[in-house]
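# Report on the structure
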Amino acid sequence: MDLSDFEADNSVSCRLSSSIPDVCRTEDCCLGIDEAGRGPVLGPMVYGICFCPVSRKEDLKKLKVADSKTLTEAERENLFLKLDEAKGFVGWALQVLSPNTISTSMLQRAKYNLNALSHDAAIGLVQYALDCGVQLKEVFVDTVGPAEKYQDKLSQRFPGVEVTVRPKADSLFPIVSAASICAKVARDHAVKSWKFAEELGEVDTDYGSGYPNALYILHDWLLVT
């Protein structure tokens, strides 16, 4: 996972992806969608997809993927490596949305809230997979907003693809768990190497994952400097 471009300029969004397994271009595939970083005060929001042939779902289960929030950072890293090593039948892609992109989108005159931005990121990744020749049969999504409304929106956008939107999909469907792991690992890497645009001098970088409850160290440091 090469985040060097984003690390060099974290004000600009980017997309990362694996190679497309040949089998995904010839067999019906399932695809999972999940995100990491919705609501933090530091770092990007990362949308991820993971896909594999429907016939290889059991092989994916054997990798023991799970909801990324239930795993330690080391466990997520290990599982991502396993997913990446399974490149003969597993593929992934990520949309890394910079804080600047999120702020600019939400503050523009025309209403464009975080849900709409999230939907568009997911739609863009599904379209990317289709454009790459992935033979999508099933899509599973962790919901953003009302599940039924989101499912109808995706079904209309991608006719012929069976779309399932569920709350907590990352704990229900292994392919969504896999997407969750890819997104969370990318976000962890981005936050670890975060470069502040502001001149803050010597900052203790032990500020966790960027969520409010993990930023007290940074907050306290800023108060006394």
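The text that follows walks through the structure, step by step, so that each part is easy to find. (Residues numbered from 1 in each chain as written. Predicted model: local features only at pLDDT ≥ 70, side-chain atom pairs only at ≥ 80, totals over all residues. Heavy atoms only, no water.)

## Here's the deal with the packing of helix H5 (residues 114-131) against helix H6 (residues 147-157)
In the contact formed by H5 and H6, the axes pass within 12 Å of each other and the chain directions differ by 35°. Relative to H6, H5 is oriented so that their crossing is right-handed. Each of Ser118, His119, Ala122, Ile123 and Gln127 in H5 lies in contact with H6, whose residues at this interface are Tyr150, Lys153, Leu154 and Arg157. Its residues placed into classes, the contact of H5 with H6 shows four nonpolar, three polar and two charged. (Axes fitted to C-alpha atoms, helices over the stretch in contact; angles between N-to-C directions. Helix = DSSP H or I, 4+ residues; strand = E, 2+ residues; numbered from the N terminus. Left-handed = near helix turned anticlockwise from the far one by under 90°. Contact = heavy atoms within 4.5 Å. Nonpolar A, V, L, I, M, F, W, Y, C, P; charged D, E, K, R; others polar.)

## A few points about H5
Given a rise of 1.5 Å per residue, 18 residues ought to cover 26 Å, and the 25 Å separating the end C-alpha atoms of H5 matches this to within 8%. Where H5 starts, the residue carrying a side-chain oxygen 3.1 Å from the main-chain nitrogen of Asn115 turns out to be Asn113. Two residues or fewer past H5, Gly133 is found with a positive phi of approximately 95°. (Expected span 1.5 Å × (residues − 1). Polar contact = N/O pair within 3.5 Å; in protein donor to acceptor, adjacent residues only side chain to side chain.)

## A few points about the environment of Phe158
Note on placement: Phe158 falls in the loop between H6 and strand S6 (162-166). Since its relative accessible area comes to 6%, Phe158 is described here as buried. When sequence neighbours within four positions are dropped, the list of residues in contact with Phe158 reads Ile123, Val126, Gln127 and Leu130. (Buried < 20%, exposed > 50% of the residue type's maximum accessible area, 1.4 Å probe, protein only.)

## Here we look at the packing of helix H3 (residues 73-85) against helix H8 (residues 174-192)
The N-to-C vectors of H3 and H8 enclose an angle of 120°; their axes lie 9 Å apart at closest approach. Here H3 is positioned oblique relative to H8, judged by the angle of their axes. For H3 against H8, the interelement crossing comes out left-handed. Within the contact between the two elements, H3 uses Glu73, Arg76, Glu77, Leu79, Phe80 and Leu83 and H8 uses Ala178, Ile181, Cys182, Lys184, Val185, Asp188, His189 and Lys192. When the residues that make up the contact of H3 with H8 are grouped by side-chain class, the tally is seven nonpolar, one polar and six charged. (Parallel < 35°, antiparallel > 145°, perpendicular 65-115°, else oblique.)

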